[in-house]
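Secondary and tertiary structure notes
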Protein chains: 2
Amino acid sequence: MPALNRAALERHLPILQWAKTYNNETLTSDLVAAVIVTIMLIPQSLAYALLAGLPAEMGLYASILPLIAYGIFGTSRALAVGPVAVVSLMTAAAIGNLGIEDPTQYALAAITLAFMSGVMLLLMGVLRLGFLANFLSHPVIAGFITASGILIATSQLKHIFGIKASGHNLVELVESLLHHLPDTNWYTVVIGVTATAFLFWVRKGLKPLLLSYGLTPRLADIGAKAGPVAAVVVTTLVTFGFGLDKAGVKIVGDVPMGIPPLSAPSFDMELWGQLFVSALLISVIGFVESVSVAQTLAAKRRQRINPDQELVGLGASNVASAISGGFPVTGGFSRSVVNFDAGAETPAAGAFTAVGILIAALVLTPLLFFLPKATLAATIIVAVLSLVDFSILSHTWRYSKVDFAAVAATIVLTLGFGVEIGVSSGVGISIFLHLYKTSKPHVAEVGLVPGTQHFRNIHRHQVHTHKSLLTLRIDESLYFANASFLQDYVYDRVVGDDELKNVVLMCSAVNEIDHSALESLEAINTRLKDMGIKLHMSEVKGPVMDRLQRSHFLTDMTGRVFLSQYDAMMELLPEPKQKTVS
Amino acid sequence: MPALNRAALERHLPILQWAKTYNNETLTSDLVAAVIVTIMLIPQSLAYALLAGLPAEMGLYASILPLIAYGIFGTSRALAVGPVAVVSLMTAAAIGNLGIEDPTQYALAAITLAFMSGVMLLLMGVLRLGFLANFLSHPVIAGFITASGILIATSQLKHIFGIKASGHNLVELVESLLHHLPDTNWYTVVIGVTATAFLFWVRKGLKPLLLSYGLTPRLADIGAKAGPVAAVVVTTLVTFGFGLDKAGVKIVGDVPMGIPPLSAPSFDMELWGQLFVSALLISVIGFVESVSVAQTLAAKRRQRINPDQELVGLGASNVASAISGGFPVTGGFSRSVVNFDAGAETPAAGAFTAVGILIAALVLTPLLFFLPKATLAATIIVAVLSLVDFSILSHTWRYSKVDFAAVAATIVLTLGFGVEIGVSSGVGISIFLHLYKTSKPHVAEVGLVPGTQHFRNIHRHQVHTHKSLLTLRIDESLYFANASFLQDYVYDRVVGDDELKNVVLMCSAVNEIDHSALESLEAINTRLKDMGIKLHMSEVKGPVMDRLQRSHFLTDMTGRVFLSQYDAMMELLPEPKQKTVS
């Protein structure tokens, strides 16, 4: 019993699994990874807070306690949680809908959103509802992420131009940008464009350059990751030195110094009602993004992650964010890859990163006063443009028009109506198209391949058939969405065929028959009986047969259930024909 | 070409098909059926108008032009269109939500609802969206109809007690009834209870009694159908004779005499917005009810109905209702059965019924002044209690707990929150449960049955396997809802199995692989490659293979696609083992 309890405890507190083998070597690996991720995370955290419409320090707060919470409850060894682009955009959209003007109330709404999302994720984890994430098809997610990247990049252009602009969809954003374009501040443009160009070059060109100067690959890597920090330092110094803030360059300004404040979500039920759908979408999208990153990285080291426990880990992170002045967080792709590549071996790397960010919050915040918002916008633009990938359109176009339709609709709707409508429609369209496809299943009329016991489509092969016997092979499970299709199909085929005496439904590919389909089979049986035709079934799978035996159908059926289609044919054909067949 | 045009025209105007063979004999059959249905329809039409919260004459109007429109465009020979219980209740719920006080505006909203529903049905017909009705599973419909029957019967109790009461769900209705119970009018109770008891007896006892008096079965049938008319006549005379209206018995009052007025729906877009979802639900529910009745009756005479053309027929009926002062209509079960049993051979019977109702509207309306509302309520109660059937609960409980859950939830939600939430939730729950079931498909590890080329589940049969070869048979199409399940399943099985060299996915029951599943297969391939394991497939169906060949997957795959699982085993096993197997 104690051993069992230990296993159960380790399952729900993964920290217990890796803590017992923790040693100096893993410590070193984790520390190195933590330094690199911290350097990368400081500008990102500030930038994503800006994207969410929140004060910069909230980005730092959201990168401290949540990492520790994930370290305790999460199952991925390399996942780095914190504010990420898409979830920050969704946060902005969710709170933007409420029309809150007061910044304190706005921040409270963000904290509440993190708390609600955390509670939802924890609940889904406890109830083992991880499968819910499956309702988002991959092409829909890809389309959604691409469209979100475009929306995010566009929304940041205002900071590059130093103008005001707002909007929740591409049309509103572009209109608003064009409207305010005459107010462009050229100092801001110079900083913004230079920073963007520099950061793009850092992504591609810095590492090879450092290598050519003789740095070791690891140092070159750290150097390249420090690119955004360099941009932050240089543009801050320039703005400070030339007094550009007085020339209209927007700066981050006063960032409070100190440890994250203790915060509590609002428990105003009206606010909860307004944020409910948004919180659910953020939870699901955040989970899907995070779990796919975690799975990719785990597989590279032959490790396993447990999706239901991941829900608990992310839920705990969001609750931790809510009580420490943060906003919704999830596992980010680029930072997790950096963490993994830098050699992080356990979630302790995340905890060390948290300490790094905490030091930044304690010590560095006064230095951020003159940081131009344009630099942060440049960081965001460079990060999100790597999310934009239209190749999913051409892939799905080649592979399946139905999947293409789902992606295209998701992209268009996200760009045209914003993230929430975009992703909800994507889910709706995926489900609708799936039901549509299965509602018209493939049904083949089959006959016996001469000299074998195999049955094949009469339209594709030379097979034996007989006018008194119709065999239909159904290539789909039978359930409510296709129950009436089968009924129609059988009637259409049977009406007017006066020589027909037996119909056999060959069920080798039928994995389920639900109650609606059972009623359809009963209706088919009754109507065929009225026409003097017997209904039979063949090759019914075990579990399906078990269930049929619990209904009246098998007793009411005019014909029989045959183990194999060959048996059915042998039994049902009139004597002379049987000879020619066998 | 003229022949082709003729066929196309007949398809869209079914009247052309039957009109050309119309003769004296069919005329007689249709006329007799029309008389019986007319007698039955007069009190029903008045009653359902009352149920929808509308003036009695609108019930008559909704039973004239819509029948003629269906006769022209509908494909069922026996379906009788008009106001029906469930749709009338849904109309009351839809307009009740708007909080309209003015009766003229209320009637206008009903007319608008009929028009919107008509346009939606026509559109669905033209776009061939009849399959949409399939999203309602049979058990959900059965649960919904049963719960609606209870709601309707309860809502009519106020007329039996002569009190005021309102509410859109069972709790509200019962509370409201109990609250107003002290105001009971005992004259009304005597009329209401007597009429209800009489009508129940008519259903069971009148026909045998008439037969025992020596009437022919057909006359006895007509006599029994005239029961409601008798109740109407007697209670009207009693109310008139004793002046019971002055004693507080609510009467129908002034019903305008004359042909249906020309009416037009409102084109107020705000009203359209408010009624949109309701109109959609009414269209779908009305269509599902109607088409199942039509199919049942058509099959009895080996006739066919065309669901897409049925949408057009019902759409035309509702538009006809809207322009002639009516409200939403559909094909009713009991009246269609009566029509069919009475021998109706063509939709002309419906047209003759329309003439009968028209005569009633022209001549009989003054006689309805003293008709007690309690009598109409009795008609409704007796009619709808036949819809209440809880046996679907026990059937589904035995057959499938998932279907049971859908029915039980639909019944509880309809009773607790009203028809609109009830039926929407029912659809949602059906789809959710279906996705849930298919999101965890059956996957079996299989091995070779000795002496055959067949592969069976290793847990159920004695089969040959080899530690270097894992064969998984997937018993479901692969799509977004189960794509990650397969990924998890394969990783769970493979991690830690160091002797494994080859994994074969046996795809004999895989009818589709969508783009999400393709990506999962790619991920599985990549991760197995990292582990030094090859991925193969076997028995891939033709259409699935065609599609895979349009992607990169087959080139990237580490292993091969085998035509049969036996080939795969022969090829992949190391030499010594091969001999023991074959």
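Quick notes on the rules
Residues numbered from 1 in each chain as written. Chains lettered and ligands numbered in written order. Predicted model: local features only at pLDDT ≥ 70, side-chain atom pairs only at ≥ 80, totals over all residues. Heavy atoms only, no water. Helix = DSSP H or I, 4+ residues; strand = E, 2+ residues; numbered from the N terminus. Contact = heavy atoms within 4.5 Å. Phe/Tyr/Trp six-rings, centres within 6.5 Å; stacked < 30°, edge-to-face > 60°. Buried < 20%, exposed > 50% of the residue type's maximum accessible area, 1.4 Å probe, protein only. Lys NZ or Arg CZ within 6 Å of the ring centre and 35° of its normal. Least-squares fit on C-alpha atoms with pLDDT ≥ 70 in both. Pairing = 2+ DSSP bridges. Axes fitted to C-alpha atoms, helices over the stretch in contact; angles between N-to-C directions. Salt bridge = Lys/Arg side-chain N within 4 Å of Asp/Glu carboxyl O. Polar contact = N/O pair within 3.5 Å; in protein donor to acceptor, adjacent residues only side chain to side chain.

This part is about the environment of A:Ala264. Residue and element names in this part refer to chain A. On the secondary structure map, alanine 264 appears in the loop between helix H12 (227-242) and helix H13 (269-300). Between the alpha carbons of alanine 264 and leucine 16 there is a distance of 29 Å; along the sequence they are 248 residues apart. Excluding its chain neighbours within four sequence positions, the residues that come into contact with alanine 264 are Leu108, Ile111 and Ala322.

Before going further, it helps to examine the packing of aromatic side chains. Tallied over the full model, the rule gives 18 aromatic pairs over all chains. Where A:Phe198 meets A:Trp201, the ring centres are 6.1 Å apart and the plane angle is 40°; that geometry is what we call tilted. In this pair, A:Phe198 and A:Trp201 both sit in helix H10 (residues 186-212), three residues apart, roughly one turn of the helix. Of the residues examined, A:Phe198 reaches a relative accessible area of 29% and is grouped as partly exposed. A centroid spacing of 4.8 Å and a plane angle of 75° characterise the contact between B:Trp397 and B:Phe404, whose relative ring orientation is edge-to-face. Here B:Trp397 falls in the partly exposed class, since its relative accessible area comes to 46%. In textbook terms, an aromatic cluster arises when at least three aromatic residues are bridged by ring pairs, as seen for A:Phe115, A:Phe267 and A:Trp272. For the cation-ring pair, A:Arg547 lies above B:Tyr399, with the distance from its terminal atom to the ring centre recorded as 5.8 Å.

It takes a turn of 180° to lay chain A on chain B, together with a shift of 0.0 Å along the axis; the resulting RMSD is 0.1 Å. The operation mapping one copy onto its partner corresponds to a two-fold rotation axis. Closest approach to the rotation axis within chain A is made by the C-alpha atom of A:Ala509, at a distance of 2.6 Å.

All names here are of chain A. Taken together, six strands build an open sheet; the order of strands is S4-S3-S5-S6-S7-S8 and the sheet is mixed. Since the sheet does not close on itself, it has two edges, and those belong to strand S4 (455-457) and strand S8 (561-562), each with one partner. The strands touched by helix H25 (residues 565-572) within the sheet are strand S3 (443-448), S4, strand S5 (469-474), strand S6 (502-506), strand S7 (534-538) and S8, with S6 carrying the most contacts at an inclination of about 175°.

What follows is about the pattern of salt bridges. Opposite charge on two side chains lets them pair, provided their charged atoms get close. Residues and elements named next belong to chain A. Taken as a whole, this structure holds 14 salt bridges over all chains when the rule is applied. Taking the shortest distance from any N to any O, the salt bridge between arginine 493 and aspartate 497 comes out at 3.1 Å. Note on arginine 493: relative accessible area 29%, which makes it partly exposed. Taken together, the shared-partner salt bridges connect Glu445, Arg493 and Asp497 into one network.

A word on the interface of chain A and chain B. Tallying the contact residues gives 62 residues for chain A and 63 residues for chain B. Applying the counting criterion to the chain A and chain B interface returns two salt bridges. We note a salt bridge from B:Lys541 to A:Asp475, for which the minimum N-O separation is 3.7 Å. For the pair chain A and chain B, the number of links is 15 residue pairs in polar contact (both at pLDDT 80 or more). Among the secondary structure elements, those contributing two or more residues to the side of chain A that touches chain B are helix H8 (138-161), H13, helix H18 (391-399), helix H20 (419-439), helix H21 (480-494), helix H22 (515-530) and helix H23 (542-548) of chain A. Considering every element that reaches the side of chain A that touches chain B, the biggest residue donor is H20(A), with eight residues.

So far we have only geometry, and geometry alone does not tell us how the molecule works.
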